[in-house]
Amino acid sequence: MRQRDKEKSNKTTPENTKHPTQEPGEEIYSLEDILAEYGTRRSTVRTAVPVNSPLDQPEGKVLAFPRRPVPTPQEEPEDSDAPEEPETASSPDQTEQEPESSSPQQEEEEQEASQEEEEEDAGEDDSGVVEFPPEESLLSSLLKRLGRKADRYADQMFQESEEMDEEEIRRLEELIPGTDQEDEPPQPQTPSLLYRLLHRPRREEPMPEDIAPQQLARTYGKGLKGLRLRSLAIFLLAAVAIFQLLVPALNFVWLPPLDNYQIQVWIACGLLGAGFLLSADVLFTGLARAFHGKVGMDTLCALSVIFTLADGLVLAMVQNREGQLPYTAAVLVGLFFLTHGTYHQKCGLRLACRTAAAAAEPYLLTLDEGKWNGRDTYCKWSGVPNGFGSQIQTDDGAQRIYRRYCPILLLACLLFSILSSVAANRPEYLLWCLSATFTSAAAFGSALVYGRPFHKVTRRLSQTGAALAGWPGLLQTRKGDRVLIYDGDLFPPGYVEFNGIKVFGDYSIERVLSYTATLIRDSGSGLTKLFHDLLRAQGGLFRQADHLCCYEGGGLSANIRGYQVLVGSASFMNLMEVPLPPGLNVKNAVFCAIDGDLAGIFALNYSLHDGVFPSLDALLREKVGPVLATRDFNIIPAMLHQRFKLASDKMDFPPVERRRELSDPEQPHNPILTAVLCREGLVPYADSVVGARRLRRATRFGAILTCVGSTVGVLLAYYLTAVAAFGSLSPLNLLIFLLTWLLPVWFLTSWVPRY
């Protein structure tokens, strides 16, 4: 059979066969050539990967592999025009004589097999069916596909590199500043069931009425002086109660008649009653919140005052617990910190409202979701502070934690007191157990967690012209890690000045200044006010410009009355091939060219505010990355690093189109305000961002710390009351325990404004 194939191939070679349409010198590829190139393995299912054309073909020839489906072989009719010639040649293997010992059955099987092969060969030759290439594994086909893609990419890369001039590439790299590109947003993943259960959307509380900041400032300012005086009076009462405990603890004795135990108890009750009257408004507020389903630490403090006063009265008239006094000192100290924290919070609210009302149209600070590179970004924009009055009246973060945890403490105090007294057949100790457990639960630092740092941060921000907009704005700061920096933040009005003006050619200074000021105004650059003031001083007017374009190289172009005007930096002029004077050495300037000729140079002098350096350092320490959304073509990272030694490598510099989008005054913003800014510059902007983030973290951590201290205190009080350990649960020991848990909260609240 192999010999027959060779004979056929010899008969059909291009040298021996002529095609009717064949031209001289043209080669014709036969079926045997195709099969010899692609193989002869049969495949009834088309699963092989197509193979590229042979590499040894003449140039200009493309041999397409047939892609029609394989027809099923059919029997040829008997009266075929081209009858099959019988095969007479055999392979060398078949010419050898078989051994005589072979059986007739084996001979018949071999004859049948040879007949089947002849029929298959005849059907293959007559039907014209072309076999597909051999099957390839998935891995090999994948590797070949990747190899072809790599070859095409390499060819294209080398072709582009050959087409572009290396000197031109270096020239563009020097003249065009590098920019940061945004990453592709990741594909959203379907959250798991556990995640959905843990992050269920909470029911939104109705916001209070949006009252004007001026009116709120007057409301919060009422009674502040009186509250401060009453807080000082409670402090004096607490000092007397502590002195009453220290006298016997230091082995001193009272002189008659103060050495009488009943008189000492009545004195303690009198001190507590006076403190209750001085703080009645704060205590009633805590009780009223409990009736509205908002049990807080002030509610527990009010209940501790009531139960301790009742226990002292019973102790003065009936009982004598081994000479133990009621917990007057601990309760009075708790009342002092409660009123002191309330005073701090009201002072902060009043000051924030006064600052917000200082400007008619201040800047608003918001945290916009996914603003830059898919990250939540702080933005500053001009507008009316709608919603500030309602946000400032909402509960702070500590109160939101307390109203979820304090009901548990309230039930625990009631249950443990009953178990320690009534369930232990000691009902006469019920008031003592209630007084001990509720006093242990009312943490001293509960009112200081938010009120004290909020007042200190607000006082610092008010000096720079900023005010925080309540807890709803602070709550969102946990997600923001980028902040947009604009022209006026780095160089507010007055920090960019003219250093000289030079006009070239026959152009008048008024014309050059008008053209330049018009393009700068239309682009929204931070130099608008500077050029507007100079234009007004020169008696010039703005012109009508159309087809304004912004270039990545740091410049602008527009048409003014048929003239092509270019305004930009020196690098932009070199990029646009505008000839500059030889020996020109101007670092920061605005160049103007009309119809390709240099018309004027405006030298500028940039100077940074003293607060820019510490503000940027504070932002970077808070892991908030600055994003330059500037429109002044002179403000680029290279200029900030070379001229002012700023950490420009830690700043993001978007492309010019993206910078214009980020600084667009008409873009939508988050309706929830973070702060209100009444002054220009980076100092109030950065201080508000950093102060809001630190205040949120300190409030959350301090609230959790006080809840842990209250829990530990309630458990210890339950154990000591259950064993009737009057000496261990003395008023002085309980006071020391509560003061110990106050220290970390005090230091934490003092840390917040120190940045």
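Details of the structure are given in the entry above.
Description of the structure in this document. (Residues numbered from 1 in each chain as written. Predicted model: local features only at pLDDT ≥ 70, side-chain atom pairs only at ≥ 80, totals over all residues. Heavy atoms only, no water.)

What follows covers the overall build of the protein. Assigned secondary structure in the protein consists of 27 helices and twelve strands. When each of the 755 residues of the protein is scored for burial, the buried share is 44%. Pairs at least 24 residues apart make up 78% of the contacts formed inside the protein by residues separated by at least 6 positions. Summed over all atoms, the accessible surface of the protein reaches about 41,900 Å², with 55% contributed by carbon and sulfur. (Helix = DSSP H or I, 4+ residues; strand = E, 2+ residues; numbered from the N terminus. Buried < 20%, exposed > 50% of the residue type's maximum accessible area, 1.4 Å probe, protein only. Contact = heavy atoms within 4.5 Å. Areas by Shrake-Rupley, 256 points an atom, 1.4 Å probe, with all protein chains shown as cover.)

This structure, assessed with the given rule, holds 19 aromatic pairs. Taken together, a centroid distance of 4.7 Å and an interplanar angle of 40 degrees make the contact between Trp-432 and Phe-726 tilted. Here Trp-432, found in helix H16 (residues 430–441), pairs with Phe-726, found in the loop between helix H26 (682–722) and helix H27 (731–751); they are 294 residues apart in sequence, far enough to count as distant. Phe-726 shares its class with Trp-432; the two are buried. A connected cluster of aromatic rings, assembled from ring pairs, spans Phe-235, Phe-336, Phe-337 and Phe-444. One cation-aromatic arrangement involves Arg-452 over Trp-746; the distance from NZ or CZ to the ring centre is 3.8 Å. (Phe/Tyr/Trp six-rings, centres within 6.5 Å; stacked < 30°, edge-to-face > 60°. Lys NZ or Arg CZ within 6 Å of the ring centre and 35° of its normal.)

Moving on to helix H9 (residues 224–249). Relative to the 38 Å expected for 26 residues at 1.5 Å per residue, H9 spans 37 Å between its end C-alpha atoms, a close match to the ideal helical length. Those residues of H9 lying buried are Leu-224, Leu-227, Ser-231, Ile-234, Leu-237, Ala-238, Ala-241, Gln-244, Leu-245 and Val-247. Where H9 is buried, its residues touch helix H8 (213–221), helix H10 (261–278), helix H11 (280–291), helix H13 (328–356) and H27. (Expected span 1.5 Å × (residues − 1).)

In the contact formed by H13 and helix H17 (residues 448–464), the axes pass within 8 Å of each other and the chain directions differ by 30 degrees. Our classification of the angle between H13 and H17 gives roughly parallel. The crossing of H13 and H17 is left-handed. Facing H13, whose interface residues are Phe-337, His-340, Gly-341, His-344, Gln-345, Cys-347, Gly-348, Leu-349, Leu-351, Ala-352 and Thr-355, H17 presents Leu-448, Tyr-450, Gly-451, Arg-452, Phe-454, His-455, Thr-458, Arg-459 and Ser-462. Tallied by class, the residues present in the contact of H13 with H17 amount to eight nonpolar, ten polar and two charged. (Axes fitted to C-alpha atoms, helices over the stretch in contact; angles between N-to-C directions. Parallel < 35°, antiparallel > 145°, perpendicular 65-115°, else oblique. Left-handed = near helix turned anticlockwise from the far one by under 90°. Nonpolar A, V, L, I, M, F, W, Y, C, P; charged D, E, K, R; others polar.)

Any functional reading would require information beyond the geometric quantities listed.
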